[in-house]
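Examination of the molecular architecture
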Amino acid sequence: MQKYPHIEEYFALGIINYRAMARAIQNDVRQELGKDANLLSIVTAIRRFPAKKMRGDKEKVAQVLSESHVNLKYDIGVITVRLLPESLKKIEKLHSRIAGLRALQVIQGLQTVTIVTEDRFLDTVKKIFGDEVIEEREGLASVIVTSPKTIVETSGVISHFANILALDGINIVEMMSSHTETLFIVDEKDALKSIEIIREEIKKARSIP
């Protein structure tokens, strides 16, 4: 599905040529199975794809999109540091130094912590973490999508946003979600294009009767 980001939409619309689709994915299926894959078997599997459910899911996604709005914030920086036993204490220290929690987002992985903040606070982050800094990027922008509470129980909304940005060649530097807010960190040069793409998608959803 990642290789064909719009395939779900095409299935939902009922415009897929099953045999042509089977030929297109036959090599991928062979690699996945580790053996030859019969074209007819692939066609049969595609026909069984739950298109009706996908149409229902698409309607739910469109409803969430129609109630969403998007904002843009420039001058964003991202620093990735190693996750160590003392990292949480340093993050608490960082919170106390940076005025306003909205100026700081923290993403914790298994081995690293990524800190998203305003460019003007990057030196503060580097002073606190020192040699633990792995990577630093500045001159970014944050595209913030605020959605209704139903996004929490609606699958496919965030992936839909990511797909439409990727299809237009937008590189997402970081992506995170917190309850009803979804943040896409992109290069400043892609910021206006990103927000227009998402705004158009929201407008399209609102026009659906």
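Residues numbered from 1 in each chain as written. Predicted model: local features only at pLDDT ≥ 70, side-chain atom pairs only at ≥ 80, totals over all residues. Heavy atoms only, no water.

**Here's the deal with the overall build of the protein chain**
Where we set the bar: The numbering of helices and of strands both runs from the N terminus, where a helix is a DSSP run of H or I of at least 4 residues and a strand a run of E of at least 2. Accessible area is worked out with a 1.4 Å probe on protein chains only. A residue is then buried under 20% of its type maximum, exposed over 50%, and partly exposed in between. For this analysis, residues touch if any pair of their heavy atoms sits within 4.5 Å. For the accessible areas, the method is Shrake-Rupley and the probe is 1.4 Å, while residue cover comes only from the protein chains on display.
A count of helices and strands for the protein chain gives eight helices and six strands. Reading the secondary structure of the protein chain in the N-to-C direction produces α-α-α-α-β-α-β-β-α-β-α-β-β-α. For the protein chain, the proportion of its 209 residues judged to be buried stands at 39%. Considering only residue pairs separated by 6 or more positions, the protein chain has 72% of its internal contacts joining residues 24 or more positions apart. On the protein chain, roughly 12600 Å² of surface is accessible, and the fraction owed to carbon and sulfur atoms is 50%.

**Describing the pairing of strand E6 (residues 181-187)**
Looking along a regular strand, one sees the side chains alternate between the two faces of the sheet. Heads up, the condition is: A pair of strands counts as paired when DSSP detects no fewer than two bridges linking them.
A large share of E6 lies buried, amounting to six of its seven residues. Inspection of the sheet shows strand E4 (residues 133-146) paired to E6 by seven bridges, in the antiparallel sense. Residue pairing in the sheet places isoleucine 144 in a bridge with leucine 183 of E6. Here strand E5 (residues 172-178) runs beside E6; their pairing, made up of six bridges, is antiparallel. Bridge pairing links serine 177 to threonine 182 in E6.

**Regarding the pattern of salt bridges**
Put simply, the rule reads: Any carboxyl oxygen of Asp or Glu within 4 Å of a side-chain nitrogen of Lys or Arg constitutes a salt bridge here.
Tallying each qualifying case throughout the model produces 12 salt bridges. Residue lysine 203 pairs with glutamate 200 through a salt bridge whose shortest N-O separation is 3.8 Å. Within this pair, lysine 203 and its partner glutamate 200 are both found in helix H8 (residues 191-206), separated by three residues, close to a single helical turn. Put simply, glutamate 201 and lysine 204 hold a salt bridge, and the shortest N to O gap is 3.5 Å. Taken together, the positions of glutamate 201 and lysine 204, both in helix H8 and three residues apart, correspond to about one turn of that helix. The exposure class of glutamate 201 is buried, given its relative accessible area of 13%. Taking the relative accessible area as the measure of exposure, lysine 204 reaches 47% and is therefore partly exposed. One network of salt bridges, in which partners are shared, links Lys73, Glu118 and Arg120.

**Thoughts on the sheet that holds strand E3 (residues 112-118)**
Defined as follows: Angles run from 0 to 180 degrees between N-to-C directions of axes, and those axes are lines fitted to C-alpha atoms, restricted for helices to the stretch in contact.
Ordered in space as E2-E3-E1-E4-E6-E5, the six strands form an open sheet in which the pairing is antiparallel. Two strands close off the open sheet at either side, each with one partner strand: strand E2 (104-108) and E5. Between one strand axis and the next, the sheet turns by 30° as a mean value, whatever way the strands run. Its contacts with the sheet place helix H5 (residues 87-97) against strand E1 (69-82), E2 and E3, and it is angled at close to 170° to E2. The sheet contacts of H8 involve E1, E4 and E6, and relative to E1 the element is tilted by about 130°.

**Examining the confidence of the model for the protein chain**
Cut-off, in case you're wondering: Confidence of the predictor in every single residue is expressed as pLDDT, which spans 0 to 100.
Per-chain confidence: the protein chain averages 84 in pLDDT, with 85% of residues scoring 70 or above. Predicted confidence in the protein chain is weakest over helix H1 (residues 7-13), with a mean pLDDT of 57, and strongest over E4, with 95.

**Let's talk about the packing of helix H7 (residues 157-167) against H8**
When two helices pack together, their arrangement is given by the angle between the helix axes and by the axis-to-axis distance. Selection criterion: If an angle is under 35 degrees, it is roughly parallel; if it is over 145, roughly antiparallel; if it lies from 65 to 115, roughly perpendicular; otherwise it is oblique. Take the far helix as the reference: if the near one is turned anticlockwise from it by less than a right angle, the crossing is left-handed, and if turned clockwise, right-handed. We call Asp, Glu, Lys and Arg charged. Ala, Val, Leu, Ile, Met, Phe, Trp, Tyr, Cys and Pro are nonpolar, and the rest, Gly among them, are polar.
Look at H7 against H8: their axes get within 10 Å of each other, and the N-to-C directions meet at 125°. One element, H7, and the other, H8, form an angle in the oblique class. Note that H7 runs across H8; the crossing there is right-handed. Each of His160, Phe161, Ile164 and Leu165 in H7 lies in contact with H8, whose residues at this interface are Ser194, Ile197, Ile198 and Glu201. Along the lines of polarity and charge, the residues of the contact of H7 with H8 split into five nonpolar, two polar and one charged.

**Quick notes on the environment of histidine 69**
With respect to the secondary-structure elements, histidine 69 resides in strand E1. If we ignore the near neighbours within four places in the chain, the residues touching histidine 69 are Ile144, Val145, Thr146 and Ile202.

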